[in-house]
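Here is what each chain is made of, one letter per residue.
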Amino acid sequence: MVLRKHTSEQAKTGTSQNQYSDKLLENLPRLSDLLKREPIQVEKLVAEAIRTKGVRKILSELDKVLKGLGDVALDLLSSLAIGRHVLIMGPVGVGKTTLAETIAEILAIADPPYIEVACHSHMTATELTGDIDIAVALQAGLDHPLAFIPGPLVLAHGRILILDEINRLNPYSQAALLQALQEHYVYIRGFRIRSDFLVIATSNPAEYSGVYELSEALADRMKVIEINYPDREVLRGILEWKSNALLEHLGVKVPDFLVELTTNFVTLLVQDSNIEVGPSIRSAIFALANAMSRAWLEGREPSINDLKVELVENMVSTIRGNFSSEQEKKEYLLKKFDEALIIAKRSYKR
Ligand SMILES: Nc1ncnc2c1ncn2[C@@H]1O[C@H](COP(=O)(O)OP(=O)(O)OP(=O)(O)O)[C@@H](O)[C@H]1O
Ligand SMILES: [Mg+2]
């Protein structure tokens with residue numbers, strides 16, 4: 001290992017690279033400490049947090065970030081409080097990840113309250129468990145803080161483990177996770193490290209591409225909670241609120257008519273039973289904000305066409321259905337936009 005020389009600035013202030021690295025190393029767990037870990041009843045911590053905060057306060061804090069998900073949150077909390085892992089399922093961009101993170105933050109059962117893994121199909125089991133760095137272990141000993149790099153399954157002890165897009169985990173990583181859930185121990189080259197955590201996983205439904213089937217044993221250990229599209233009025237509120245939040249620093253505000261039009265467009269797509277993978281609320285928010293910022297750049301008022309271009313461009317990559325080509329999908333979206341426009345004009349005439 002090459003240690004950098006002190007810079008003159010560091011010498012003046014009395015800080016050194018060594019001090020920084022010493023501090024860093026101090027905070028890293030040593031294998032011997034990890035092997036001494038005591039069990040933690042995470043569900044007790046959750047229940048205590050719920051008792052201390054109060055359900056109403058938790059829901060009102062959540063409402064500052066996500067609208068219309070109070071019921072889903074109650075489902076989530078009631079499962080966590082009895083130590084049941086949760087799988088949040090739902091279409092793209094309906095707030096699954098945000099819900100998992102926000103609830104974990106509000107509960108704040110530890111510091112940091114959660115460890116998050118963005119799951120992907122090439123994730124190896126050791127990426128989840130962590131591994132011993134043989135070269136460091138040979139040189140500096142097994143108990144050197146850098147000899148064992150703990151993975152998220154180890155770091156999550158006493159916390160919530162958010163497994164974002166768990167459906168992307170390949171069967172090998174799923175098996176490592178299952179073992180940790182079943183036995184409360186993570187195995188690393190013969191060492192057994194205690195780890196108690198509660199999982200909040202998120203997933204898209206099985207018909208989405210790039211997903212693996214969740215093993216039966218893993219699915220059986222999780223309570224499945226579904227998020228669906230919000231009601232029309234809630235959706236309208238979300239679109240208005242979040243797009244204006246993105247635009248605040250530009251000093252522009254989305255005209256009411258464009259919010260209405262976007263709401264109609266999204267609603268028409270949600271209601272169409274021929275669409276297998278529906279629109280994303282996130283995409284709709286960004287389409288509105290992008291249309292506005294484009295007009296802002298050009299120093300003019302936003303037009304309906306600005307919104308049309310943005311919405312169709314954004315949704316063409318999200319929605320999926322029985323289309324023979326991208327062009328056909330685009331034409332479908334343009335048609336739906338025109339329908340949404342007619343409805344919006346009608347309701348504004350009244
Ligand atoms: N109910 C809601 N209330 C407020 N904002 C929402 C709601 N649903 C979605 N959003 C907005 O959409 C964004 C997307 O949310 P998030 O990334 O959590 O969705 P997701 O379901 O995890 O999406 P993906 O399927 O792509 O992973 C959020 O940042 C939020 O601004
Ligand atoms: Mg997500």
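Just so you know, these numbers come straight off a predicted model, no measurement behind them.

**Focus on the domain arrangement of the protein**
You'll often see interface size given as the accessible area lost when the parts meet. Along its sequence, the protein is carved into domain 1 (28-226) and domain 2 (232-349). Taken over C-alpha atoms, the centre of domain 1 sits 35 Å from the centre of domain 2. Every contact between the two is made by 12 residues of domain 1 and, on the other side, 13 residues of domain 2. In total, domain 1 and domain 2 occlude about 860 Å² of area from one another, counting both sides; carbon and sulfur atoms represent 59% of this. Seen at the junction of domain 1 and domain 2, the total is 0 salt bridges. Here the residues of the side of domain 1 that touches domain 2 sort into 5 nonpolar, 3 polar and 4 charged.

**Focus on the sheet that holds strand 5 (residues 159-164)**
Read across the sheet, 5 strands follow the order 2-5-8-1-9 without closing on themselves; strand pairing throughout is parallel. The open sheet has two edge strands with one neighbour each: strand 2 (114-118) and strand 9 (222-226). Here the strands of the sheet are splayed against their neighbours by 20 degrees on average, with no regard to which way each runs. Across 5 bridges, strand 5 lies against strand 8 (residues 197-203) in parallel orientation.

**Observations concerning the site of ligand 1**
If you check the shell around ligand 1, you find 19 residues, and the closest are Lys67, Lys96, Thr97, Thr98 and Arg282. Within the backbone of Lys67, a nitrogen or oxygen atom sits 2.8 Å from a nitrogen atom of ligand 1. Isolated, ligand 1 exposes 640 Å² of accessible area, and the fraction of that covered by the protein chains is 86%. A majority-of-atoms criterion places ligand 1 in the largest pocket. Tallied by class, the residues present in the shell around ligand 1 amount to 9 nonpolar, 5 polar and 5 charged. Lining the shell around ligand 1 are residues from two domains, each supplying at least three of them: domain 1 (28-226) and domain 2 (232-349).

**Some details on the packing of helix 13 (residues 232-247) against helix 15 (residues 281-297)**
Close contact between helix 13 and helix 15 brings their axes to 9 Å; oriented N to C, the two are set at 45 degrees. As judged from the angle between their axes, helix 13 and helix 15 are oblique. For the pair helix 13 and helix 15, the sense of crossing is right-handed. Residue-level inspection shows Leu235, Ile238, Leu239, Lys242, Ser243, Leu246 and Leu247 of helix 13 in contact with helix 15, the latter providing Ile281, Ala284, Ile285, Phe286, Leu288, Ala289, Met292 and Ser293.

Conventions adopted
Residues numbered from 1 in each chain as written. Chains lettered and ligands numbered in written order. Predicted model: local features only at pLDDT ≥ 70, side-chain atom pairs only at ≥ 80, totals over all residues. Heavy atoms only, no water. Domains from an automatic or database assignment. Contact = heavy atoms within 4.5 Å. Buried area = accessible area lost by both parts, 1.4 Å probe. Salt bridge = Lys/Arg side-chain N within 4 Å of Asp/Glu carboxyl O. Nonpolar A, V, L, I, M, F, W, Y, C, P; charged D, E, K, R; others polar. Pairing = 2+ DSSP bridges. Helix = DSSP H or I, 4+ residues; strand = E, 2+ residues; numbered from the N terminus. Axes fitted to C-alpha atoms, helices over the stretch in contact; angles between N-to-C directions. Near = heavy atom within 4 Å. Polar contact = N/O pair within 3.5 Å; in protein donor to acceptor, adjacent residues only side chain to side chain. Areas by Shrake-Rupley, 256 points an atom, 1.4 Å probe, with all protein chains shown as cover. 1 Å grid on protein atoms, 1.4 Å probe; cavity = no way out; pocket = protein on both sides within 12 Å on 5 of 7 lines; lining within 4 Å. Sits in = over half its atoms within 2 Å of the grid points. Parallel < 35°, antiparallel > 145°, perpendicular 65-115°, else oblique. Left-handed = near helix turned anticlockwise from the far one by under 90°.

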